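Now for the letters of each chain:
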Amino acid sequence: MALFDRNQRQRSSLCSTAAFVVFVALCLLGLWMVSSPETVPGAISLSSTEKAAAAVRASDAKEEDSSIDATNTVKQDSANVVAESTTTTIGEGGELAEDPAKPAGDAAKDGDGEKVSASSKDQTFDDENGRTEGGELVKPGSGGGDTDGGAAAQGKSAEEAAVETDQTSTDAKESVAEQTSTDTSESAAEQAAATDGKDSGGGGMSGKKKLTFDDENGKMDGVDLAVKDDGNKTRVSEESAKVEPAKLTVNPIAKAKPAATDTDGTEHLPNAQAELLTERAAQNGSFTTQAAESTEEKKKRAASNKGNKNHGVKKKKPPAAPSTTWKLCNTSAGADYIPCLDNEAAIKKLKTDKHYEHRERHCPTSPPTCLVPSPAAYRDPIRWPHSRDRIWYHNVPHKALAEYKGHQNWVKVSGEHLTFPGGGTQFKHGALRYIDLIQEAAPPALVDWGRRSRVVLDVGCGVASFGGYLFDRDVLTMSLAPKDEHEAQVQFALERGIPAISAVMGTQRLPFPGGVFDVVHCARCRVPWHIDGGMLLLELNRLLRPGGVFVWSATPVYQKLPEDVEIWDEMTKLTKAMCWEMVARTQHTIDDQVGVAIFRKPVNNNGCYDKRPQKEPPLCEPSDDPNAAWNIKLRACMHRVPEDRAVRGSRWPEQWPERLGKAPYWLDGGQTGVYGKPAPEDFAADLEHWRKVVRSSYLAGMGIDWKTIRNVMDMRAVYGGLAAALREMKVWVMNVVTIDSPDTLPVIYERGLFGIYHDWCESFSTYPRSYDLLHADHLFSKLKPRCKVLPVVVEVDRILRPNGKFIVRDDKETVDEIQSIVRSLQWEVRMTVSKNKEAMLCARKTTWRPTEVESR
């Protein structure tokens, strides 16, 4: 009996050992199979981390009723989708709005014109894993890998392919995001079919529902979730959502945080504690508005001129909402249509164009709601800094300027590209040499590019090479030229990634405050400065800071032709009468073949203004507001220089970059800021707020590839905090201060940034497809009393580049309305999030255009 028991125990032990060996063998086999290379659509292999995570998911398949298909797409229950759905919000607590079903036939095309799958990406990404669009691994904030058409695949030269390699990634990188997307309503086979098409980051939206997260009720698509609410710190319990950390590595967005906290560096959604977003009361603080300034100025002028019937800015009656059956605009300007500059009916009614009235703004009575067509063969722009030297010809298909100015090295046609050698009429040896020449000619430290001189106005900019190369000196330049004076010059500038607007020095003040530019430059801009009592040069005097310089590089400076001599004599008399001091004049040399005259505006009134023997040009009336600039007629008069040490303009700003984060000296604690705090505190709080938003959400949490972003517009800028927070990025920001908002544009200029006044009930003076990213913070809700939302969104569509991004922060009702419109435009809604009746939307414009043209 004992022997039997002993044998029985031996057999049991052997069985256990055998079972253990078999189990270990099976585990090793399973690990080998998981770690072995797999063929994934797009010829891309999953990383070892993703494979390990897939193995963990496979081990839980029985419990969760999940399945993994050939593309490693995981079908999960609704609880898992909380963490891994392609529509999960990152970095924001709150509600993910429900996606209405897309209209039929809304599959759009990507940047190369290829149709993309209906299950297009609609997701945000994980900054901790360093992932951006398409799943490419990069450092947070360094961008990702959008495609640019694949230079090598299209048979381009090795040189062209090398340039584009820095700008693009392969389509295969973007397939990872498709392979890992999930949807509880699809089977694994359906998901494989949905990801079968090519996706280069473009395309329409699918009709599948977005998951909604309600932080107040703690529910997600009908699933009760445990919610912990600690003040502003809202979290979803991982235990309640049944999300296991080991499963969060397969999906590039797996570590999405559905709610934000202070401690983890993420951004809070607008709420009572974040008063900078909610703007509890629509207040101006101690600031007036540009509309009020301009209206008051017009009233004063009307009182002194009884025949003047211009009674200022009139409130416009909001136009009736048009149908959202989109059609292409039927205009002679075609793909270059700028509504307020191409109003042919209004231009034909002008009595004269002697002062370039035909190049000024003449906006239609009702803003257009048609869509501007894209040029044939349009493709994603070349990325900065390569774009400074070359752009795609088909994006701006104009040859006239190359033919007319080709010998002066402005622009040349080279195969599929337009190239910009960096020359110009006055830049015989290139723009950089010319920029150095100016600093060398001026007295020591008077110009000092990138320190004393930070913000420059370049009048008659050509293709803006001057401003483009001043970036190398840490200088920001507002380049300005009229539309079509030289064909597409401003359009070339914007396509190159250089700031520029279409405007003319004609009969109206330029849309900038007084005394904000450190330097004004004109290189053979052909502006007749001396005529009409010097009215145009006096407008530059209004814009120039006291102590700032005017750099004039033109043939009258260095040539002796009779016409040039006559103009020089007139300019000498005029500038002397304006109390400008000529601090430098270089003559024509063999090396530089160009001459430069540099004039300095006085810093006080005692030295000259009151001692002039002749009072021409006259001083402006004390009531004349130099900051009133919206639709204000030019006058041939000079404003006195401010001398009160507490008044803006009496001192030169801090050196750059110190001035960026420091409140201007003329903002004191006795003034109330826009958001209700003392002005200096308001300024500091605004800067800190936008730094936090940019760091925690915009750079990594919204799926934006910042390597594709160069031209940015803040449509309602306030203090310019967003632009300041983006300083380290290779972008420039056009700060727009709306005419009915607090007039904070002087603050923006004082800190070394730039911007412009504008009324968004009208079209902006820029070409279509000008900007890579538009940002609207509580803009649309404030426009509603004067104009409809839809035409403004149409204007956004006009000036945003295909595949460009649009970020809206506003009340939930307004954001929902905008979301409905952009979906009808077949844009891709990347993220929506809401809380406490405030909401945020991030959307991407696609390449879709309607085929029907509107009737005239």
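Residues numbered from 1 in each chain as written. Predicted model: local features only at pLDDT ≥ 70, side-chain atom pairs only at ≥ 80, totals over all residues. Heavy atoms only, no water.

(A) Spatial organisation of the overall build of the protein chain. Looking only at helices and strands, the protein chain features 25 helices and 24 strands. Counting every atom, the protein chain has about 34,500 Å² of accessible surface; 53% of that belongs to carbon and sulfur. (Helix = DSSP H or I, 4+ residues; strand = E, 2+ residues; numbered from the N terminus. Areas by Shrake-Rupley, 256 points an atom, 1.4 Å probe, with all protein chains shown as cover.)

(B) Layout of the nonpolar core. Among the nonpolar cores identified, the biggest contains 154 residues, and Leu-457, Phe-512, Trp-529, Phe-550, Phe-780 and Phe-806 are the most heavily contacted of them. Looking at which element gives the most residues to this core, the answer is helix α24 (residues 789–799), with seven residues. One finds Leu-401, Trp-410, Val-411 and Val-463 within the second-largest nonpolar core, a separate group that totals twelve residues. (Core = buried A, V, L, I, M, F, W, Y, C linked by side-chain atoms within 4.5 Å. Buried < 20%, exposed > 50% of the residue type's maximum accessible area, 1.4 Å probe, protein only.)

(C) Representation of the sheet that holds strand β11 (residues 455–459). As summarised here, the arrangement of the seven strands in space is β13-β12-β11-β14-β15-β17-β16, forming an open sheet in which the pairing is mixed. Both edges of this open sheet fall to β13 (500–502) and β16 (581–585), since each of them pairs with a single strand only. Each adjacent strand pair in this sheet contributes to an overall mean axis angle of 20°, direction not counted. Across the face of the sheet, helix α15 (residues 489–496) comes into contact with β12 (476–481) and β13 while running at roughly 150° to β13. (Pairing = 2+ DSSP bridges. Axes fitted to C-alpha atoms, helices over the stretch in contact; angles between N-to-C directions. Contact = heavy atoms within 4.5 Å.)

(D) Up close: the pattern of salt bridges. Scanning all chains against the criterion turns up 29 salt bridges. Arg-798 is the salt-bridge partner of Glu-795, the closest N and O atoms lying 2.9 Å from each other. With Glu-795 and Arg-798 both in helix α24 and three residues apart, the pair spans about one turn of that helix. With respect to class, Glu-795 is no different from Arg-798; both count as buried. (Salt bridge = Lys/Arg side-chain N within 4 Å of Asp/Glu carboxyl O.)

(E) Fine view of the confidence of the model for the protein chain. Of the residues in the protein chain, 63% have a pLDDT of 70 or more, and the chain-wide mean is 74. Across residues 36–282 the pLDDT falls below 50, and counting only partners more than four positions away or on other chains, this stretch makes 547 contacts in the model. Across residues 307–322 the pLDDT falls below 50, and counting only partners more than four positions away or on other chains, this stretch makes 26 contacts in the model. (pLDDT = per-residue confidence, 0-100.)

(F) Representation of the side chain of Thr-846 in the model. Looking at where Thr-846 falls in the secondary structure, it is placed in the segment after β24 (838–844). Among the polar contacts listed, one links the side chain of Thr-846 to the backbone oxygen of Gln-826, at a separation of 3.0 Å. Engagement of the side chain of Thr-846 in a polar contact is seen with the backbone nitrogen of Trp-848, the distance being 3.4 Å. (Polar contact = N/O pair within 3.5 Å; in protein donor to acceptor, adjacent residues only side chain to side chain.)

(G) Up close: the packing of aromatic side chains. Counted under the stated rule, the structure contains 19 aromatic pairs. Between Phe-287 and Tyr-719, the aromatic rings sit 6.3 Å apart at their centres with planes inclined by 65°, giving edge-to-face as the arrangement. Residue Phe-287 is found in the loop between α9 (275–278) and α10 (290–304), and its partner Tyr-719 is found in the loop between β18 (711–714) and α21 (721–725); the two are separated by 432 residues along the sequence. Note on Phe-287: relative accessible area 12%, which makes it buried. Seen in terms of ring centroids, Phe-806 and Trp-827 are 6.1 Å apart; in terms of plane orientation they differ by 85°. Their pairing is edge-to-face. Residue Phe-806 is located in strand β22 (residues 800–811), and its partner Trp-827 is located in the loop between α25 (812–824) and β23 (828–835); the two are separated by 21 residues in the primary sequence. No difference in accessibility class separates Phe-806 from Trp-827, as the two residues are buried. (Phe/Tyr/Trp six-rings, centres within 6.5 Å; stacked < 30°, edge-to-face > 60°.)

(H) Looking closely at a negative patch on the surface. On the surface, Glu-563, Glu-566, Asp-569 and Glu-570 cluster together into a negatively charged patch. Inspection of the secondary structure assignment puts Glu-570 in helix α18 (residues 562–577). For Glu-570, a relative accessible area of 33% translates into the label partly exposed. (Patch = residues over 30% accessible without salt bridge, like charges linked within 9 Å, V, L, I, M, F, W, Y side chains within 5 Å. Lys, Arg positive; Asp, Glu negative; His and termini not counted. Charge placed at Lys NZ, Arg CZ, Asp CG, Glu CD.)

(I) Broad picture of the state of the cysteines. This model, assessed by the stated rule, comprises six disulfides. The disulfide partner of Cys-522 is Cys-525, and the S-S distance across this bridge is 1.7 Å. Between Cys-522 and Cys-525, the S-S dihedral sits near -90°, and the bridge is therefore left-handed. By the burial criterion, Cys-522 is buried, and Cys-525 matches it. If one numbers only the bonded cysteines of the protein chain, in the order they occur, the disulfide pattern is 1-4, 2-3, 5-6, 7-8, 9-10, 11-12. (Disulfide = S-S within 2.5 Å.)

(J) Spotlight on the sheet that holds strand β9 (residues 412–414). Taken in spatial order, the three strands make up an open sheet running β8-β10-β9, and their pairing is antiparallel. Looking along the sheet, the strands with just one partner apiece sit at the ends: β8 (390–392) and β9. Across the sheet, the mean angle separating the axes of adjacent strands is 30° when strand polarity is ignored. Taken together, the three bridges between β8 and strand β10 (residues 417–419) define a ladder with antiparallel strand orientation. Across the sheet, Ile-391 pairs through a bridge with Leu-418, a residue of β10.

(K) Spotlight on α15. Counting buried positions along α15 yields eight of eight residues, so the element is predominantly enclosed. Every buried residue of α15 is accounted for by Gln-489, Val-490, Gln-491, Phe-492, Ala-493, Leu-494, Glu-495 and Arg-496.

(L) Main features of the pairing of strand β15 (residues 544–553). Burial runs high along β15: ten of the ten residues are buried. Examined bridge by bridge, strand β14 (residues 517–523) and β15 share six bridges and lie parallel to one another. Each residue of the ladder has a partner; that of His-521, found in β15, is Val-551. Read as a crossover between parallel neighbours, the route from β14 over helix α16 (residues 535–543) to β15 is right-handed. Bridge count between β15 and strand β17 (residues 597–600): four bridges; the pairing is antiparallel. For Phe-550, the partnering residue across the bridge sits in β17 and is Phe-599. (Right-handed = clockwise from strand over helix to strand, strands pointing away.)

(M) Up close: the pairing of β18. The side-chain alternation of β18 yields two buried faces, one formed by Asn-711 and Met-713 and the other by Val-712 and Asp-714. Sheet topology places β18 next to strand β19 (residues 732–738); four bridges connect them, and they run parallel. Within β19, the position partnered with Asn-711 by the bridge is Trp-732. With three bridges connecting them, β18 and strand β21 (residues 771–777) associate as parallel partners. Bridged to Met-713 within β21 is Leu-774.

(N) Here's a closer look at the packing of α24 against α25. In contact at an axis separation of 10 Å, α24 and α25 are set at 50° when each is read in the N-to-C sense. Between α24 and α25, the interaxial angle falls into the category oblique. Taken as a pair, α24 and α25 cross one another with a handedness that is right-handed. Of α25, the residues touching α24 (which contributes Val-789, Leu-790 and Val-793) are Glu-817, Ile-818, Ile-821 and Val-822. Here the residues of the contact of α24 with α25 are counted per class, giving six nonpolar, no polar and one charged. (Parallel < 35°, antiparallel > 145°, perpendicular 65-115°, else oblique. Left-handed = near helix turned anticlockwise from the far one by under 90°. Nonpolar A, V, L, I, M, F, W, Y, C, P; charged D, E, K, R; others polar.)

(O) Just unusual backbone geometry, in detail. That bond from Trp-384 to Pro-385 is cis: its omega, 10°, falls within 30 degrees of zero. The amide bond that connects Trp-656 to the next residue, Pro-657, takes the cis arrangement and shows omega of 5°. Residue position: Pro-657 is located in the loop between β17 and α19 (658–661).

(P) Molecular detail of the side chain of Ser-824. Relative to the helices and strands, Ser-824 is located in helix α25. In terms of polar contacts, Ser-824 uses its side chain to reach the backbone carbonyl oxygen of Ile-821, at 2.6 Å.

(Q) Quick look at the environment of Val-557. Following the sequence through the fold, Val-557 ends up in helix α17 (residues 555–558). Take Val-557: its relative accessible area is 0%, and that puts it in the buried class. Each C-alpha atom, one on Val-557 and one on Val-594, is 8.6 Å from the other, the two residues being 37 residues apart in sequence. Val-557 has contacts with Trp-552, Trp-568, Arg-585, Thr-586, Gln-587, Gly-595, Val-596 and Ala-597, leaving out every residue within four places of it along the chain.

(R) Just the environment of Asp-705, in detail. With respect to the helices and strands, the residue Asp-705 is situated in the loop between α20 (679–698) and β18. Asp-705 sits 100 residues away from Lys-805 along the chain, and the two C-alpha atoms are 9.8 Å apart.

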